[in-house]
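Residue-level listing of the chains:
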Amino acid sequence: MLIDTHAHLNFKAYKDDLLAVIERCRQEPMKVINVGAAYDTSRKAVNLALAESSFYAAIGLHPIHVYDEEFKAEDYQDLIYSAKENIVAIGETGFDYWHLQESLAKGAQSIEEIKKKQEKVFRQHIKLAKANNLPLIIHGRNGKNDPQAYQGIYSVLKEEGVDRGVVHCFGGSLEEAKQFVDLGFYLGFTGIITFDPSSRKISGGQHPKPLAKDVSSHNILWDIAKWIPENRFLIETDAPYLTPEPYRSKRNEPIYVKYVAEKIAQIRGSSVDEIISISSQNAINLFGLK
Ligand SMILES: [Zn+2]
């Protein structure tokens, strides 16, 4: 069975047609983990999981929101007490160096201060995950001139002795991928893996020509997907964002996770059914889905 290990049906993007989106998940049928990015969306993810037996929730405060609200661990702990069976992970949490300017606009005094605050909140999430024996859903994003987000996350995880979780929508290097896998982590692949950078560069109606036959020269995720041990990868949409080809630029939704599986199957030379079955078993193993 298909499992979308990272979606946000709890976000406003679905306010007009949530039931239709859920119905398409039922028809598939599939399982979905909805991930919180702040207290309110965490609570909504839990409510969705309580209402829909094939839905699960992750709760946390996204690093881009640490200047929108304080992380109150006791509120999240209360959510866990209220829906222990339905909450399968803590997150998304981690370091985001892409949106630092936005945090400055929200009142942060310096880049250094933002990084310190993200780290403090990240460590609070780790503490909560440990206390409840739950895996972490990690968000990492490097900045244009600040490529240290994944290294920073790795250092904290190693120092805290954390070995259970997923680096969702992995966007680091192959070397960094190896580090996280060595630590015990899973890596999540989104629709970005279906994007072909060689065709994106061509504009003005010209026909794109691949630069080389070997796909590995185009998208670093293709190298990572080819390399990763089969017991360490997950598939996800990050819906409403990152819609895979052939629906790129439309709003994403969980059923499109199958296109991520298709691409990984092509890269690894396996069948789509095999990739779905392996990645779903990985999701069940990590999150203890029933
Ligand atoms: Zn997300």
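Further up the page is the structure itself.
Residues numbered from 1 in each chain as written. Predicted model: local features only at pLDDT ≥ 70, side-chain atom pairs only at ≥ 80, totals over all residues. Heavy atoms only, no water.

**Observations concerning the packing of aromatic side chains**
To keep it simple, the criterion reads: Aromatic contacts are taken between Phe, Tyr and Trp rings whose centres are within 6.5 Å, Trp giving its six-membered ring; a plane angle under 30 degrees counts as stacked, one over 60 as edge-to-face, and the others as tilted. In this scheme, a residue with accessible area under 20% of its type's maximum is buried, one over 50% is exposed, and one in between is partly exposed, where area comes from a 1.4 Å probe on protein chains only. For a ring to carry a charge above it, either NZ of a lysine or CZ of an arginine must fall within 6 Å of the ring centroid while also lying within 35 degrees of the normal to the ring plane.
Throughout the structure, instances matching the rule amount to twelve aromatic pairs. Both rings, one in Y247 and one in Y256, keep their centres 4.5 Å apart while their planes meet at 10 degrees; by these two values the pair is stacked. Residue class for Y256 comes out buried when judged on its relative accessible area of 14%. One aromatic cluster is present, built from ring pairs that chain together Y150, Y154, F170 and F180. A cation over an aromatic ring shows up here: K115 above the ring of Y97, its NZ or CZ 4.5 Å from the ring centre. A cation over an aromatic ring shows up here: K117 above the ring of Y67, its NZ or CZ 4.8 Å from the ring centre.

**Description of the sheet that holds strand β1 (residues 2-7)**
Where we set the bar: Strand pairing requires that DSSP identify at least two bridges connecting the strands. Numbering goes from the N terminus for both helices and strands, where a helix is a DSSP run of H or I of at least four residues and a strand is a run of E of at least two. Angles shown run from 0 to 180 degrees and are taken between the N-to-C directions of axes, each axis being a line fitted to C-alpha atoms and, for helices, limited to the stretch in contact. It only takes one pair of heavy atoms within 4.5 Å for two residues to be counted as in contact.
The eight strands are arranged β1-β2-β3-β4-β5-β6-β7-β8 in an open sheet whose pairing can be described as parallel. Looking at strand neighbours, the two that pair on one side only are β1 and β8 (233-235), the edges of this open sheet. Taken pair by pair, the neighbouring strands of this sheet meet at an average axis angle of 25 degrees, ignoring direction. Direction of pairing for strand β7 (residues 186-189) relative to β8: parallel, over a ladder of three bridges. Bridge pairing links F189 to I235 in β8. Sheet strands in contact with helix α6 (residues 149-160) are β4 (87-96), β5 (136-141) and β6 (165-167), and its direction is about 150 degrees off that of β5.

**Quick look at helix α1 (residues 18-27)**
Short version of the rule: Directions are taken from the helix axis to each C-beta atom, and the arc is the one they span.
Listed in full, the buried residues belonging to α1 are V21, I22 and C25. Each buried residue of α1 lies within a common arc of 100 degrees when the element is viewed along its axis, so the set occupies one face. Opposite the buried face of α1, by more than 90 degrees, sit the exposed residues L19 and Q27.

**A closer look at the state of the cysteines**
Condition: Pairs of cysteine sulfur atoms within 2.5 Å are what we label disulfides.
Enumeration according to the criterion identifies zero disulfides in this entry. Sulfur of C25: no disulfide; nearest cysteine sulfur belongs to C169 and is 19 Å away. For C25, a relative accessible area of 2% translates into the label buried. For C169, a relative accessible area of 16% corresponds to the buried category.

**Concerning the pairing of strand β2 (residues 30-35)**
This is how the line gets drawn: Clockwise travel from the first strand over the helix to the second, with the strands pointing away from the viewer, marks a crossover as right-handed.
The buried count for β2 comes to six of six residues, which makes it a mostly enclosed element. Residues M30, V32 and N34 point to one face of β2 and K31, I33 and V35 to the other, with burial holding for every one of them. Where β1 meets β2, four bridges bridge the pair, whose relative direction is parallel. Across the sheet, residue D4 finds its bridge partner in β2, namely V32. Taking the sense of rotation as the criterion, the β-α-β connection linking β1, α1 and β2 turns out right-handed.

**Details of the packing of helix α9 (residues 220-227) against helix α10 (residues 257-268)**
Here is the rule we go by: Any angle from 65 to 115 degrees is called roughly perpendicular, while one under 35 is roughly parallel, one over 145 is roughly antiparallel, and all others are oblique. Note that Gly is not counted as nonpolar here; it falls among the polar residues with everything else outside the nonpolar set of Ala, Val, Leu, Ile, Met, Phe, Trp, Tyr, Cys and Pro and the charged set of Asp, Glu, Lys and Arg.
Between α9 and α10, whose axes approach to 9 Å, the crossing angle comes to 70 degrees. Classified by the angle between their axes, α9 and α10 sit roughly perpendicular to one another. Contact with α9, carried on its side by W222, A225 and K226, involves K263, I267 and R268 of α10 and no other residues of that element. Tallied by class, the residues present in the contact of α9 with α10 amount to three nonpolar, no polar and three charged.

**Remarks on the environment of S42**
Turning to its location among the elements, S42 is positioned in helix α2 (residues 39-51). Accessibility expressed as a relative area gives 0% for S42, which makes it buried. A sequence separation of 28 residues divides S42 from Y14, and the C-alpha atoms of the two residues are 15 Å apart. Contacts of S42, omitting those with residues within four sequence positions, involve G36, A37, I59, G60, Y76 and L79.

**Considering the packing of α2 against helix α3 (residues 73-82)**
Between α2 and α3, the shortest axis-to-axis distance is 11 Å and the interhelical angle comes to 5 degrees. Here α3 runs roughly parallel to α2, going by the angle between their axes. Note on element contacts: α3 touches α2 through D75, Y76 and L79, opposite Y39, S42, R43 and V46. Of the residues assigned to the contact of α2 with α3, the class counts are four nonpolar, one polar and two charged.

**Topic: the coordination of the zinc ion**
Where a metal carries four tetrahedral donors, each ideal angle is 109.5 degrees; where it carries six octahedral donors, the ideal angles are 90 or 180 degrees. Just so we agree on the cut-off: Each metal's donors comprise the N, O and S atoms found within 2.8 Å of it (within 3.2 Å for Na, K or Ca). Water is not part of the atom list, so some coordination spheres may appear incomplete. Site shape is set this way: if four donors have all angles between 85 and 135 degrees, tetrahedral; if opposite donors are over 155 degrees apart and all others between 65 and 115, square planar for four donors and octahedral for six; otherwise irregular.
In the first shell of the zinc ion, the protein supplies H6 (NE2), H8 (NE2), E92 (OE) and D238 (OD), at 2.2 to 2.4 Å from the metal. Its four donor atoms give the zinc ion angles of 85 to 175 degrees at the centre, a pattern that matches the irregular case. Each donor residue of the zinc ion lies on the same chain, and together they follow the pattern H-x1-H-x83-E-x145-D. In this pair, H6 is assigned in strand β1 and E92 in strand β4, connecting sequence segments 86 residues apart. Assigned by exposure class, H6 and E92 land together as buried.

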